[in-house]
Structure formats: C-alpha cells, structure tokens
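Here's the letter readout for the chains.
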Amino acid sequence: MTTLEGVNVLITGGAGYIGSHVSRLLIESGHSVVSVDDFSTGLAERIGSESYELKLENPDAESKLASILNEHGIDTVIHFAARKQVGESVEKPELYYKSNIGGLLNLLSAMKTAGVKKMVFSSSAAVYGMPSVEQVDEQSPTNPINPYGQTKLIGEWMIDNAKTWGLSAISLRYFNVAGTGWSDLADKQALNLIPIAISKISHGEPVDVFGDDYQTEDGSCIRDYIHVMDLAKAHIDAISHLKNPGNEVFNVGTGEGSSVFEVLAELKKVSGIDFEMNIDSRRAGDPPKLVASASKIQDSFGWKSEFGLAEIVATAWESRES
Ligand code: UFG
C-alpha cells in the first residue's frame, strides 16, 4: 500500500459494507473521514466517523453537500453511495437513474462549488457486459447489459467531463467483492453468491447453482472474487495517484477466476458442512466468465491482491450472523 500524506476525505455510503471498510482503513492510517449515508441499506453501527444522514438524489443535497465539504475542509471524495442490485435495476430502471446518476450529479455540482478536485468512484465490472475474452482489461469494450451497469458507465463519463473544472478522478471497476476485514463490518445483505450461500447453510437449506451447462470446465459460471481488504487498499493507492484532471479507470480484481462449484467446495471445507446444492437453471444476464486483467493497477500503483478464495470464504464464514 502506498504511503499517503494526511487527507480529509468525504465518504458517501460510509455505512455500507465496502464504504465502512475503506473508512476504517483510512482512519486507522491517520486520515480524517466524514461520512454521508441515507441508511437505506447501510447500518449506522458501521460508521466510525462523524456522519450525516443525506439522500444524495434529493433536491437539497447539493447545497447540503457543499456546506459539509466546506465545513470539514474536505480535499477528496470517495463515492460509494449507490443502488447495486442488477435484478432490481432491470425491474425499476428509473430508481437507478435517479439514485446513481441524480446522486452523482448533485455530488459533482457540490464539489465544483466547494472547489474539491479529487475523487475516487466505485465503478463496476458490470460496465463490460458479456465479454468473450479470458481476461478483461481496461481497453475491452464497455457494453453494459443492465441499467445498473449503465449507471456506472454513465457515472464514469460524468466524472470524466468534470475535467473542465479541474476534477482529477479514478474509477475503480470492482469485480466480485467478498470476505470480511473486520467482523462488525461484514456484508449482512444476502445478495451475492457467498453471503447467500452462508445464509442458506445457516438455515439448513440447499444452495442454488444457477446453471451447470456453461462452456466452462465444470459447467458453472466463473468470477474473479476479490477480498474487501484488498479492495480497500486499492482506494488508498488510488487517492495517492490522483494528479491530472480527467478520469482514469482501473480494474480491481485478482486475475484469477473461480467457478460457483469451486466457491461452494471452499465453503464446505471451511464450514465443515456438506450442504446440498440445487442445480437450477441459468440466471438471465449472467456472463459465463468475468475475470479481470489486473495488470494496469499492478503496474501503475504497485497494488497486488494479497488474499485468495480461501481467505475470502473463511473470513465471510467466520463473520456470519450466529
Ligand atoms: N450464483 C449462484 N447461486 C446463487 C447466487 C449466485 O449460482 O444463489 C452465481 C451467479 O449466477 C453468478 C455467480 O454466482 O454466476 C456470482 O453471482 P453474484 O450475484 O454473486 O455476482 P455477479 O457476478 O452477478 O455480480 C457481482 C456484483 C455486481 C458486479 C459484478 C461484477 O453483484 O454488482 O459482480 O463482476 F457488477
């Protein structure tokens, strides 16, 4: 992790699973953090800094944010706050445009007013859609296939256009984030494979596998699972690389793919429970394989993931709700 001179950071979505990990890492490294969150999915007990309850898409958010930025002498914003459920985004696209795009617009306007010119943005591998390559790099075409992924790509464009007033930004395209750094900050929403599987096992239910007939070695989908602490460290490195106006994009993944069956096998090992698997049909919109090329972030920041699937699954399991 790069050494970073003291920064005053505003974190949007500081009560969320990822936002709270990054916030705690910054605070423990001696930086100042202020959080805003609307607490729609975030948990107040995760916040370890001064915080404000604020819905970024509300009409009064721009002026409130500008005051917070000025009052705390903020120099850098890390923007996590967003809706992130792919299925929900297909059902209710307007909700995603309002929150993810409307919220970002208010935030950028407030930053412009307050003269805050550094930003790290939570983007997503969802901007790539259904790539057909072994590893996607940042030059791969962007072709999001759902409103969630679209809002992340539009967000990157909005941020890039803010270079006209001097914004220097980095968008981190997260792959499949999982695991726990501090057990009180664990991912409590069962919305992704590992937390869903843990919740099912805890209730003695079988775990669904969405498709075993893909053109992959074991027939299940392959993803690049990245430990939340590795991801958190990438944010610290990103802040120290914010220099020129414009938006630069980086994948944050390990470069290693794991299939659904491999993840579940690891979970059986860690839990000691030989739970049942229910082979279900394919889930709409799932790319068979989504694995990052992590070369750019490694070469530019010297960042490298430290943890693999074993630590991801073990830390998620150990921090489960009992
Ligand atoms: N899966 C199952 N059973 C389940 C849940 C998931 O088999 O009960 C499978 C999915 O079909 C997929 C894999 O596990 O093949 C991972 O699914 P997740 O829902 O955990 O994650 P996704 O890959 O669909 O999406 C996640 C984030 C997105 C992000 C994307 C980037 O939720 O926000 O990773 O890779 F864009």
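About the cut-offs
- Residues numbered from 1 in each chain as written.
- Predicted model: local features only at pLDDT ≥ 70, side-chain atom pairs only at ≥ 80, totals over all residues.
- Heavy atoms only, no water.
- Domains from an automatic or database assignment.
- Buried area = accessible area lost by both parts, 1.4 Å probe.
- Salt bridge = Lys/Arg side-chain N within 4 Å of Asp/Glu carboxyl O.
- Polar contact = N/O pair within 3.5 Å; in protein donor to acceptor, adjacent residues only side chain to side chain.
- Helix = DSSP H or I, 4+ residues; strand = E, 2+ residues; numbered from the N terminus.
- Nonpolar A, V, L, I, M, F, W, Y, C, P; charged D, E, K, R; others polar.
- Expected span 1.5 Å × (residues − 1).
- Buried < 20%, exposed > 50% of the residue type's maximum accessible area, 1.4 Å probe, protein only.
- Arc of directions from axis to C-beta.
- Pairing = 2+ DSSP bridges.
- Axes fitted to C-alpha atoms, helices over the stretch in contact; angles between N-to-C directions.
- Phe/Tyr/Trp six-rings, centres within 6.5 Å; stacked < 30°, edge-to-face > 60°.
- Lys NZ or Arg CZ within 6 Å of the ring centre and 35° of its normal.
- Near = heavy atom within 4 Å.
- Areas by Shrake-Rupley, 256 points an atom, 1.4 Å probe, with all protein chains shown as cover.

Peer 1: Lay out the domain arrangement of the protein chain in plain terms, naming residues and giving numbers.
Peer 2: According to the domain assignment, the protein chain consists of domain 1 (8-178 + 226-253) and domain 2 (183-222 + 256-291 + 309-318). Measuring from the centre of the C-alpha atoms in domain 1 to the corresponding centre in domain 2 gives 26 Å. Summing both partners gives a buried area of about 1,800 Å² for domain 1 against domain 2, and 59% of it is carried by carbon and sulfur. Between the two partners, domain 1 and domain 2, sit two salt bridges. Our enumeration of links across domain 1 and domain 2 arrives at five residue pairs in polar contact (both at pLDDT 80 or more). Counting residues per element, the side of domain 1 that touches domain 2 draws most heavily on helix α1 (residues 17-28), at four residues. For the side of domain 1 that touches domain 2, the residue count by class is ten nonpolar, seven polar and four charged.

Peer 1: Go over helix α8 (residues 260-271), please, and point to the residues and values.
Peer 2: Between its first and last C-alpha atoms α8 spans 16 Å; for twelve residues at 1.5 Å apiece the expected length is 16 Å, and the two agree. Of the positions making up α8, those classed as buried are Val260, Val263, Leu264, Glu266, Leu267 and Ser271. Seen from one end, α8 has its buried residues packed into an arc of 155°, which puts them on one side. Of the residues trailing α8, glycine 272 is marked for its positive phi of about 70°.

Peer 1: Which residues make up the sheet that holds strand β6 (residues 168-174), and what values go with them?
Peer 2: What the seven strands build is an open sheet, ordered β3-β2-β1-β4-β5-β6-β11; its pairing is parallel. Where the open sheet ends on each side, the last strands, each with one partner, are β3 (50-53) and β11 (246-252). Strand after strand, the sheet turns through a mean of 20° between neighbouring axes, direction not considered. Sheet analysis places β6 next to β11, joined by seven bridges and oriented parallel.

Peer 1: An account of the packing of aromatic side chains is needed here, citing residue identities and associated values.
Peer 2: For the structure shown, the criterion picks out two aromatic pairs. Centroid distance tyrosine 128 to phenylalanine 175: 6.4 Å. Interplanar angle 35°. Geometry classified as tilted. On the criterion of sequence distance, the pair formed by tyrosine 128 in the loop between β5 (118-124) and α5 (147-161) and phenylalanine 175 in the loop between β6 and β7 (176-178) is long-range, its members being 47 residues apart. Directly above the ring of tyrosine 214 sits arginine 282, whose terminal nitrogen or CZ lies 4.0 Å from the centroid.

Peer 1: Can you explain the site of the ligand? Please cite residues and give values.
Peer 2: Taken together, 18 residues lie near the ligand, and Ser124, Asn176, Arg223, Arg283 and Asp286 sit nearest. Interatomic distance of 3.4 Å between a side-chain N/O atom of tyrosine 148 and an oxygen atom of the ligand. Take aspartate 286: an N or O atom from its side chain is 2.5 Å from an oxygen atom of the ligand. The protein chains hide 90% of the 690 Å² of surface that the ligand would expose on its own. No other element matches strand β8 (residues 207-210), which puts three residues into the shell around the ligand. Broken down by class, the residue content of the shell around the ligand amounts to eleven nonpolar, three polar and four charged. Each of domain 1 (8-178 + 226-253) and domain 2 (183-222 + 256-291 + 309-318) contributes no fewer than three residues to the shell around the ligand.

Peer 1: Residues and numbers for the pattern of salt bridges, please.
Peer 2: Taken as a whole, this structure holds 14 salt bridges when the rule is applied. In this structure, arginine 173 and glutamate 156 form a salt bridge, with 2.7 Å as the shortest nitrogen-oxygen distance. Of the two residues, arginine 173 sits in strand β6 while glutamate 156 sits in helix α5, which places them 17 residues apart along the sequence. Residue class for arginine 173 comes out buried when judged on its relative accessible area of 4%. For aspartate 160, the salt bridge goes to lysine 163, with nearest N and O atoms at 3.0 Å. One connected set of salt bridges, linked through shared partners, spans Arg223, Arg283 and Asp286.

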